[in-house]
Amino acid sequence: MTAIDARIVRDTLEADAIDDVAGAACIALAPVLARARLRPGARVAVTAGSRGIARIDAILRGACDAVRETGAVPFLVAAMGSHGGGTSAGQRAMLAHLGVSERTTGAAIESEMDVVELGTTGAHGVAVACDARAARADAIVVVARVKPHTDFTGTIESGLLKMIAIGLGKAIGAARYHAAFARWGYEPIIREVAGFVMERAPIVAGLAIVEDNRGGTHTLEAFAPDALVAGEERLLRHARELMPKLPFPELDLLIVDRMGKNYSGTGMDTNVTGRAVDGRSQKVPEPVIDQLYVRELSAESDGNATGIGLADFCSRRLADAIDWDASYLNALTAAHPAAVRLPVVCEHDRDAIRHALNAAGVPDAAHARVVRVRDTLHVDTFVASGAALATMKGGTRYVVGEPNEGLTLAGDDLVPYPGGVLA
């Protein structure tokens, strides 16, 4: 393969990040919990999800501290639908991968899969389930990141309402709601189910997290139940403004070093790659990616390779790391079987890049529009070929650095992802 000249690019969008996230979470929740008038010794369930939220262990510790300051007793519930193979042990292991433990948060973790049936919604007749331990607690504090969803676009996407519906719904609820999504759409069902849960389960507060374009914690804001929906709608608009982007109209090849559930529900965020969950249509208008090659499955994903179907090529080491039972369970629960279709498996990077550029109709790699990212959660820096840079958009937001070896092969594989030096 002809060497591809490349440079490292940095996103210069600056957004203030919170340093002491534990303290900020505690401060944000304190006034909301004060209004809830929790009795001393009350058991309060705090939701712990499976997404790779920055410093989630510290944020959850701060949330638990706020509960403790009221005299109540917090405990964490694994709230992640069917993730972790849909088992209590798998969900506990996923939390451990994310650094969430009794030691780091100061609260016990309960990750059983049994639910309480809350009833059936009126509008669409959806049977609603809730984590049994959360439903039987004296109060529930919902903690979730607000961000654009990978499957749909609306005024409510991924955030507190989704955590209330799918996270607390465990595997059985997630399966029901995704089936309803397929019939009536995501946003109507998420709103309907979450509203139903809030009327019947003891939810007293929601703590919303918004991250910046570098994966840092930008916002921690708490809401009482009656302010939760409007608050999430507002924060989603802000999160969309901060979201990392690839500033290109089209690319011949996107190389993603790592995919996994800790980066996105679809392993690779569709809002970054542009590809929808079927791997064929567009989630967002740009970028249009001709070929996509993914190299690794994160250890934190515990073998769950949901989203691998969005790629055209993957490495042998990634394919060998897949737990197909966990991947199939997650994708079928979400009613997205295309998300776990196995792409062409390549023994090494050299073959993957050669085949991908051939499929893209690029005879000379030196003229290929190629970008390489660590993963789709961290796109504050990326490596781009000269041909890609010639088409880059975004004005002064992106700074192009010095020549970089990020698209260079050392033997049959790419050199390690570079830090890069900016000009």
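That block above? That's the structure.
Because the structure is a prediction, the values reported are computed rather than measured.

With mixed pairing, the 6 strands of this open sheet are ordered in space as 4-3-2-7-8-9. Two strands lie at the open edges of the sheet, namely strand 4 (108-110) and strand 9 (217-223), each paired on one side alone. Taken pair by pair, the neighbouring strands of this sheet meet at an average axis angle of 25°, ignoring direction. Pairing of strand 3 (residues 73-78) with strand 4 involves 3 bridges; the strand directions are parallel.

For helix 6 (residues 160-184), built from 25 residues, the straight-helix expectation of 36 Å at 1.5 Å per residue is missed by more than 12%, its first-to-last C-alpha distance being only 20 Å. In the structure, helix 6 departs most strongly from a straight axis at K170, where the bend amounts to approximately 140°. Downstream of helix 6 by a residue or two, G185 has a phi angle that is positive, lying close to 100°.

Next up on the list: the packing of aromatic side chains. Taken as a whole and judged by the stated rule, the model has 5 aromatic pairs. Taking the centre distance of 5.3 Å and the plane angle of 40° together, the rings of W324 and Y328 count as tilted. With W324 and Y328 both in helix 11 (residues 324-333) and 4 residues apart, the pair spans about one turn of that helix. Within the aromatic cluster, the residues linked to one another by ring pairs are F152, F181 and Y186. The ring of F75 is capped by R43, whose NZ or CZ atom sits 4.1 Å from the centre of that ring.

What follows covers the state of the cysteines. Here the structure, examined in full by the defined rule, presents 0 disulfides. Here C26 is not cross-linked by a disulfide; its sulfur's nearest cysteine counterpart is in C64, at 10 Å. For C26, a relative accessible area of 9% translates into the label buried. Free cysteine C314: the closest other cysteine sulfur is in C346, separated by 7.4 Å.

Right, let's talk about the sheet that holds strand 13 (residues 344-346) for a bit. Spatial strand order, 13-12-11-10-14-15-1-16: 8 strands in an open sheet with mixed pairing. In the strand order of this sheet, the two ends are held by strand 13 and strand 16 (398-404), each with one partner. Taken over all neighbouring pairs, the strand axes of this sheet differ in orientation by 25° on average, direction set aside. As paired elements, strand 10 (residues 250-259) and strand 11 (residues 288-297) share 8 bridges and run parallel to each other. Within strand 11, the position partnered with M259 by the bridge is L297.

Thresholds applied
The residue numbering used here restarts from 1 in each chain and proceeds along that chain's sequence as written. In keeping with the predicted nature of the model, local features appear solely for residues at pLDDT of at least 70, side-chain atom pairs appear and are counted solely at 80 or more, and the whole-chain, interface and lining totals rest on all residues. Side-chain descriptors were evaluated using all non-hydrogen atoms of the structure, hydrogens and water having been removed beforehand. Strand pairing is assigned whenever DSSP detects at least two bridges linking the two strands. In this description a helix means any DSSP run of H or I spanning at least four residues, a strand means any run of E spanning at least two, and both kinds are numbered starting from the N terminus. Think of each axis as a best-fit line through the C-alpha atoms, taken over the contacting stretch in the case of a helix, with angles from 0 to 180 degrees between the N-to-C directions. Helices are assigned an expected span. That span is 1.5 Å times one less than the residue count. In this analysis the local bend is the angle between axes fitted, respectively, to the seven residues ending at and the seven residues starting at the residue. Pairing of aromatic side chains requires ring centres within 6.5 Å, counting the rings of Phe and Tyr and the six-membered ring of Trp. Pairs whose planes differ by under 30 degrees are stacked, by over 60 edge-to-face, and all others tilted. Placement of a positive charge over a ring is assigned whenever Lys NZ or Arg CZ falls within 6 Å of the ring centre and within 35 degrees of the normal to the ring plane. Sulfur atoms of two cysteines make up a disulfide when they are within 2.5 Å. To sort residues, take the accessible area from a 1.4 Å probe on protein chains only and compare it with the maximum for the residue type: under 20% means buried, over 50% means exposed, and anything in between is partly exposed.

Honestly, it's all geometry; don't read function into it.
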